[in-house]
Amino acid sequence: MQALGQLLLVLVVGSASGHGDPRDTLACSQGLTCRLLDTDVLCGTEPPGPRHGLALARLRLEPALRCTEPMACVPCLEARVRLALPPATSPATESRLSAQPGTSGTQDSGDGGQWSPASGATSSQPNVTGLLLLSGHAYASSRCVAVEVWAPLRPTLRGRTVGWVIFRCFEAPLGSELHVSAYMNSWGQQRLSQQQRVPGCSWPAAQAAVPQCQVPRLRVSPGKKEVVVEVQGAAVGHNYTLRLYRNHSHGTSGPGRAVTAQSSPMSYVLPTDEVLPCLCLQVWPETQDPLRATLCPFSHDAEAWERLWAQSRLVLHIDEHVLTCSLSAPCDLPAELVPCWQPVHSGPCQPLPGLQQPARGQGPQEFGGLQPHPNLCVQVWSGGQVRLTQCLRDRALPGRPDDLLLLEHGGNASLCAMEWGACTPLASFTSTGAGHPGLLEQDLQQDVAGGQCQQLWHPSNSTGVVLWACPLHKYLRTHWALVWMGVLLGAACLLLLLLMKKEDMKGWLKSLRAGYGSKGPLQGRRALLVHASEPVAERAACALMAALHSLGLTVVAAPGGGSGMAALGPLPWLHAQHHRALRDSDTIILLLSPAAVAAAHQWDTRAKVVPESGAAESSLGPRHNPDPDDVPTVAPCEVFAAALSCAMPVLAVANGHYVVAWLEALVPAVPPALRAAPAFALPSETEGFLQALAGPARQRGRWLESHVAAVAEALQRAVGE
């Protein structure tokens, strides 16, 4: 009786002090009867109740809208409380519970069923009564309501839930936090609490019904010289503010503009020079605490990014012998600052290990005490590209452009030279790209230990790397002195060799003078001379080229080729020369020496079938390509064997102008693979060889008699050496 008296007292006080909200609704599930006592009771009053009453089982909050008109709604949270009957402790307990008249709901107990407010019907069966207090606390307001609930008292319901009580609803501003508590005046679990955020204008139901969420839309139309910003969906007669600003991580800035909406959409013209990736637009109605529509449409515009980089500046500073830099830009840059070493102007810049750092804001940044040097630069990397570069080359700083950058690994004191994107150990390093590796290892180590090298950077701990800039000019002077001594020694040896070969020198000068002073009988013709890579063949090829050059014949020797072979490689260069000779109807001379004959026999042995003229016409096409099974593979360095792979298919179809010249003192006979071409034994058949080079038009006459002896003598002397 004392607890019931306190319960009635609380209800009377709440009814007297609360004025209520007529828009509140209350519903309960089937099997329960509920009545809203007051919608504005004193919060914090929690009277005790009977020992064995209704208990709280669950509290759930769901967003809802409270509307006075279809387009005039406010957001709120709906509180759903599930109640249960605790198990009875003794049979006498149920007999002491009083029966109260009440009204039963008409809805089922499912979560998603239909609900209706409680009515006033009465029931004569025994029931249990409970007082449910619901409170909602927002940032600036609080509200509590009292609900009286009856439930039927049946033994089968003990320890089970009996239904739901739904209160609609607790109002709160858009996006605010609301703390809702449920209290039941019975022993056991008396209180449940839950905190939930009221949905903002991103909630689809609020966008169409809450006036604060009905903001205009922004549309951007880019052009070549200007960008048009349209404000769509603005209500006529209302004022709106349109603001343009630059979105930075450290704040926003930019002009704003207030306009009044007319019957047509509002528009704002923006020059393209002001369009940057961080430019954002914002529009809102001129009302109290309005919702703003924001749009940043240029964050992925490639032209806007290029315009931003064109307006960005990188400046290097030297503050108390420490290198710092400042990256200024209208927008935040997703970039990385990379210190690097550039010994040659406009050359590659090698990044320094462990000193890269992201660009932060607009202020100066330092690189952990990096000391300045004329070869130091700072690059700005973004998206895998170098966007900005600044160097210290024009500053008056200690150090020389030819200094060497050394890297010392912490802990083991090992040194390596930073060059060409790698760190070369001093044991393998050579300063000029030639000479004996490791020549300067001890000297550089002594310079580092003796303090003659400038320490550019050292880590705060002893496990990192240390960077040194060591002078190299003194070693370069010594190296060039040795180079000049070598050049002079080589020139002296060459002069001595020429004096010993005076007769050969005279003959060579005589032939050279004859070649340049008069028009030779083979003037205007060209030939490709292919020989094996052996000393006797090379001497014979040199002598033959010199003799034929005096006759006006332009000869290209293989192996050889100079810069062309160095650029393409021996085999591609040979195929290109062979293709050119066939195209221009030039003569292809195959000079047979012992190594060449061995290569021909090897080629003939490895080939499956020796090409014959009758069978070749059906197996070879216009490009002179034999069947892959008929052409043996050759090693890349065997140029003569590769030449055979080019020549044999052409000889098989009787195409091309091939001439075989074999050194009779060294080669007994022409291999069978090359007998399809005219062959001449040198030097005995020199006259026929020269007539074959001259061609059918000049094979008659005595024009070759004065040259046959000179060519034969040169070949005999070359073979006899």
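Model, not experiment: these values are computed from the prediction.

Undergrad: Can you walk me through helix α15 (residues 705-720) in this structure?
TA: Residues separated by three or four positions in an α-helix point in the same direction, a consequence of the helix having 3.6 residues per turn. Relative to the 22 Å expected for 16 residues at 1.5 Å per residue, α15 spans 23 Å between its end C-alpha atoms, a close match to the ideal helical length. Listed in full, the buried residues belonging to α15 are V708, V711, A712, A714, L715, A718 and V719. For α15, the angular spread of the buried residues around the axis is 160°, confining them to a single face. Set apart from the buried face of α15 by more than 90 degrees, the exposed residues are S706, A709, Q716 and G720. Where α15 is buried, its residues touch α8 (535-550), β34 (657-663), β35 (679-682) and α14 (686-694).

Undergrad: I would appreciate a short explanation of the nonpolar core in the present structure.
TA: As a rule of thumb, soluble globular proteins bury nonpolar side chains together. Membership of the largest hydrophobic core comes to 35 residues, with the highest contact counts inside it found for L327, L352, L370, V380 and L467. Setting aside residues up to four positions removed in sequence, L327 forms contacts with R313, L314, L333, L337, A359, G361, Q362, V380 and L388. Counting residues in each nonpolar core, the second largest holds 34 residues, with L571, L574, A647 and M648 among its members.

Undergrad: Would you mind showing me how to read the packing of aromatic side chains here?
TA: Aromatic ring pairs are described here by two measures, namely the spacing of the ring centres and the angle between the planes. The tally for this structure, following the rule as stated, stands at two aromatic pairs. Seen in terms of ring centroids, F167 and F170 are 5.1 Å apart; in terms of plane orientation they differ by 55°. Their pairing is tilted. Aromatic side chains F680 and F689 sit 6.3 Å apart centroid to centroid with 70° between the ring planes, which places their arrangement in the edge-to-face category. Neither residue differs from the other here; F680 and F689 are each classed as buried.

Undergrad: Help me understand the pattern of salt bridges, please; the structure alone is not making it clear to me.
TA: Here the idea is simple: oppositely charged side chains can pair when their charged atoms come close. Throughout the structure, instances matching the rule amount to 16 salt bridges. Here E306 and R387 are joined by a salt bridge, their closest N and O atoms 3.4 Å apart. Taken as a pair, E306 in helix α4 (residues 302-310) and R387 in strand β25 (residues 385-391) lie far apart in primary sequence, 81 residues in all.

Undergrad: Is there a simple way to think about the sheet that holds strand β27 (residues 415-419) in this case?
TA: The pairing of strands in a sheet happens through backbone hydrogen bonds and is either parallel or antiparallel. What the five strands build is an open sheet, ordered β28-β27-β26-β30-β29; its pairing is antiparallel. Since the sheet does not close on itself, it has two edges, and those belong to β28 (422-425) and β29 (454-457), each with one partner. On average, each strand axis in the sheet is tilted by 40° relative to the strand beside it, whichever way the strands run. Both β27 and β28 contribute to a ladder of four bridges, which runs antiparallel. In the sheet register, A417 faces β28, and the bridge partner there is T424.

Undergrad: Which parts of the structure should I look at to understand helix α11 (residues 594-606)?
TA: Taking 1.5 Å per residue as the helical rise, α11 with its 13 residues ought to reach 18 Å, and the 18 Å between its terminal C-alpha atoms agrees with that figure. Restricting attention to buried positions, one finds in α11 the residues A596, V597, A599, A600, W603 and D604. Down the axis of α11, the sector holding all buried residues measures 160°, keeping them to one side.

Undergrad: Quick question: what am I supposed to make of the confidence of the model for the chain here?
TA: Interpretation of the predicted coordinates at a detailed level should be avoided for regions scoring low in pLDDT. Looking at the chain as a whole, its pLDDT mean stands at 76, while 72% of the residues score no less than 70. Under a pLDDT of 50 for its full length, residues 1-20 has, in the predicted model, 22 contacts with residues more than four places off or in other chains. Below a pLDDT of 50 lies the segment residues 608-637, which in the model reaches 37 contacts outside its immediate sequence neighbourhood of four places, other chains included.

Undergrad: Just checking my understanding: could you explain the environment of A417 for this structure?
TA: Relative to the assigned elements, A417 resides in strand β27. Take A417: its relative accessible area is 0%, and that puts it in the buried class. Leaving out residues up to four positions away in the same chain, A417 has contacts with L404, L405, L406, A422, C423, T424, L426 and F429.

Undergrad: Could you clarify how one ought to interpret a nonpolar patch on the surface in this entry?
TA: There is a patch of nonpolar side chains on the surface, built from L494, L497 and L498 and spanning about 260 Å² of accessible area. As for its placement among the helices and strands, L494 is situated in helix α6 (residues 473-500).

Undergrad: How do you make sense of the environment of C144 when you look at a structure like this?
TA: Here C144 is to be found in strand β6 (residues 142-152). Since its relative accessible area comes to 6%, C144 is described here as buried.

Calculation criteria
Residues numbered from 1 in each chain as written. Predicted model: local features only at pLDDT ≥ 70, side-chain atom pairs only at ≥ 80, totals over all residues. Heavy atoms only, no water. Helix = DSSP H or I, 4+ residues; strand = E, 2+ residues; numbered from the N terminus. Expected span 1.5 Å × (residues − 1). Buried < 20%, exposed > 50% of the residue type's maximum accessible area, 1.4 Å probe, protein only. Arc of directions from axis to C-beta. Contact = heavy atoms within 4.5 Å. Core = buried A, V, L, I, M, F, W, Y, C linked by side-chain atoms within 4.5 Å. Phe/Tyr/Trp six-rings, centres within 6.5 Å; stacked < 30°, edge-to-face > 60°. Salt bridge = Lys/Arg side-chain N within 4 Å of Asp/Glu carboxyl O. Pairing = 2+ DSSP bridges. Axes fitted to C-alpha atoms, helices over the stretch in contact; angles between N-to-C directions. pLDDT = per-residue confidence, 0-100. Patch = residues over 30% accessible without salt bridge, like charges linked within 9 Å, V, L, I, M, F, W, Y side chains within 5 Å. Areas by Shrake-Rupley, 256 points an atom, 1.4 Å probe, with all protein chains shown as cover.

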